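# Topology and contacts: notes
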Amino acid sequence: MTPIEYIEACLDRADQFSPLHIPYIDDVDFTKITGMHELFKNCRAYPMFQLDLNKVPAWVKDEIEALLASDSDDLHKTGNERDIRKCVHDHDQAKGTSWKELAPKLEMFMTERDTTPIMNAKEVLDAISPTMCLAKWNSLTINFLTGENHSCHHPGMHKIPDEVADNPHLLHNTPHKMEARQQMLDGKRPPECAYCWKHEDNGFLSDRHIKSKNYLPKVIPIIKSGVGPEYFTSYVELVFDNVCNFMCIYCTPRASSKWNARAREPFGGRAGMQPIIPVSKSEDNKFTDAFWKLWPDWYPKLHRLRVSGGEPLLSKHTWKLFDYIRENPRDMHFEINSNLGVPDNLIDKLIENINSVKNPMIVHSSAEATGDHQNYIRNGMDYDKWLKNVRRILTETNAQFSLMTTINMLSFATIDKLFNEMYKLKKEFGRTRIYFIPTNLMHPDNLALTQLPRMLKDVCKSSLEAVLANPKNEIKDHEKLGIERIIAFMYSAEADVSAYKYSMKYFDSYDETTGMSFGKTFPVLKHLMLTEMSAHA
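Each residue is numbered by its place in its chain's sequence as written, counting from 1. Local features in a predicted model are, by the rule used here, given only for residues with pLDDT of at least 70; side-chain atom pairs are given and counted only at 80 or more, and totals for whole chains, interfaces and linings are based on all residues. Just so you know, side-chain values use all the structure's heavy atoms and leave hydrogens and water out.

## Things to note about the nonpolar core
- Within this scheme, the nonpolar core is defined by two criteria: the residues are buried Ala, Val, Leu, Ile, Met, Phe, Trp, Tyr or Cys, and they are joined through side-chain atoms within 4.5 Å. For the exposure calls, accessible area comes from a 1.4 Å probe over protein chains only, and a residue counts as buried if that area is under 20% of its type's maximum, exposed if over 50%, partly exposed in between. Membership of the largest hydrophobic core comes to 103 residues, with the highest contact counts inside it found for Ile249, Trp298, Leu305, Trp386, Leu410, Phe419 and Leu525.
- A per-element tally of this core places helix α19 (residues 415-429) first, with seven residues.
- Pairs of residues are marked as contacts when any of their non-hydrogen atoms sit within 4.5 Å. Discounting chain neighbours no more than four positions away, the residues touching Trp298 are Leu140, Ile142, Leu171, Phe232, Thr233, Val236 and Phe291.
- In this structure, Met132, Cys133, Cys196 and Trp197 belong to the second largest nonpolar core, which totals 19 residues. Counting from the N terminus, the helices are the DSSP runs of H or I reaching at least four residues and the strands are the DSSP runs of E reaching at least two.

## Quick look at the packing of aromatic side chains
- Side-chain rings of Phe, Tyr and Trp (the six-membered ring for Trp) are treated as a pair once their centres are within 6.5 Å; stacked means planes under 30 degrees apart, edge-to-face means over 60, and tilted covers the remaining angles. Enumeration over the complete set of coordinates arrives at 22 aromatic pairs.
- Measuring from ring centre to ring centre gives 5.4 Å for Phe144 and Phe291, while their planes differ by 70 degrees; the resulting arrangement is edge-to-face. Residue Phe144 is found in the loop between β1 (140-143) and β2 (148-150), and its partner Phe291 is found in helix α14 (residues 286-298); the two are separated by 147 residues along the sequence. For the pair Phe144 and Phe291, one class covers both residues: buried.

## Side note on the pattern of salt bridges
- Each salt bridge in this description consists of a side-chain nitrogen of Lys or Arg and a carboxyl oxygen of Asp or Glu lying within 4 Å of one another. Scanning the entire structure with this criterion turns up 21 salt bridges.
- Residue Glu368 is joined to Arg378 by a salt bridge in which the shortest nitrogen-to-oxygen separation is 2.8 Å. With a gap of 10 residues between them, Glu368 in the loop between β8 (362-366) and α17 (371-377) and Arg378 in strand β9 (residues 378-379) connect regions that are remote in the sequence. The pair formed by Glu368 and Arg378 is uniform in burial state, with each residue classed as buried.

## Comments concerning the confidence of the model for the chain
- As a per-residue measure, pLDDT tells how confident the predictor is, with possible values from 0 to 100. Summing up the model confidence of the chain, the mean pLDDT is 79 and the portion of residues at 70 or higher is 75%.
- Scored below 50 in pLDDT, residues 1-61 shows 159 contacts in the model against residues more than four places distant or in partner chains.
- When the criterion is pLDDT under 50, residues 67-92 qualifies, and its contacts beyond four places in sequence or with other chains add up to 46 contacts.

## Focus on the sheet that holds strand β7 (residues 333-337)
- Pairing is mixed in the open sheet, where nine strands are placed in the order β3-β2-β1-β4-β6-β7-β8-β10-β11. Two strands close off the open sheet at either side, each with one partner strand: β3 (158-159) and β11 (434-437).
- Note: two strands are recorded as paired if DSSP finds a minimum of 2 bridges between them. Strand direction decides the pairing type here: strand β10 (residues 400-404) and β11, joined by four bridges, are parallel. Directly across from Phe401, in β11, lies its bridge partner Ile434.

See below:
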């Protein structure tokens, strides 16, 4: 088998996780493998997937080295993309294969020295249409409590049709989603994807590029599926209920039972805070029935399964999934979101279950500040306990840790400290075990970074630039891009001072409900907001 045939075979079975699945390589040290280091040097795809060198056949290394050496003695040292393409073309001529057909698949690792996988993803997407996003096909979050889904956390959720009982594929492939897919194929911008369009209009790569790079192996079946009425996604996130012990400032009743119990409409002037009425309060409903009906066919095809909430560790469905996966082991990535602020016995149970499943898991948890600032943003959180539990996951299991951020105006003073803390953990536990992409909060917009007074924007900018400039931080390209996007977004609009009155009312309602104090936690921010309100009165 030639290298190209080998890679094509891996891509053809992309529905199954394989340790030989080359497009998912991150930070693998090839320096000791003669002739391969430069080829893979810049191949930093989704860092949760690593290449197990012990399982790579010797012929793969030999064939790739021979392929490179066939054109120039120095080719494997220069990593020149043009020469690699020529070499592959000559190889194709001899073997009867087609570089043109394989190019989008091989683009992930046949790169120039300074080209990143995100840029390669952009090239592949642009070849289809200027608005294409593979996540619209290959990513799915289902909320069984409300009977809704979406394919990305930026657009709002939409309803799953009642006909799902007769057609379980509607759990993913809804008419709403298929219409958005057609718009993307036609080069049009679905309005629900405004988060990405805003970043792109500011001159940046967006999350559709970042997310799509993880799904490049699926690009051919996605194109062949059209709008995909029966498309089986290989990434699924399950939200069984909204049970949660936190009451985060930007959250809503649909994601937190604590909010659901205390919310009222409007809440501090904020709309959309009415308590939700779930489609079914019973353990099972037509949506869970449809899910379990598809499950025997779906489970073997999954590459990633993620459980979210609410707080999943408080849901019995999470432990049921753990049992199923342990009893039916296969090569698949199993991931879980958790606030890591639950009682110690549940953290113990999580660690025990992580160590019982076949493949290393990924634990996702959220933060966007440190200390009291973080505890205010996420009511119910103890930052020190959270950091202790992050260390427990990294110390007592082989799981990887993914930091999710919802960076907002209250993050301005300590977001740099959080990032520096993550880089310290990277040094201690290894760069491939800790991952984060900085993400801005967009809703509610009164809490967005753009609402900071100009003086505090400058303070935040300086602190973030210090993170980038710190030689101790080995910053990855996507992290650098994320931090630069934070800064650009922060200055993309001036603060709407007329909205400060509404913000103050919201903070007052939040403080009354949670027992927290905006003024004591953020005295400088409150003072500047009141000063600007007075100046514009």
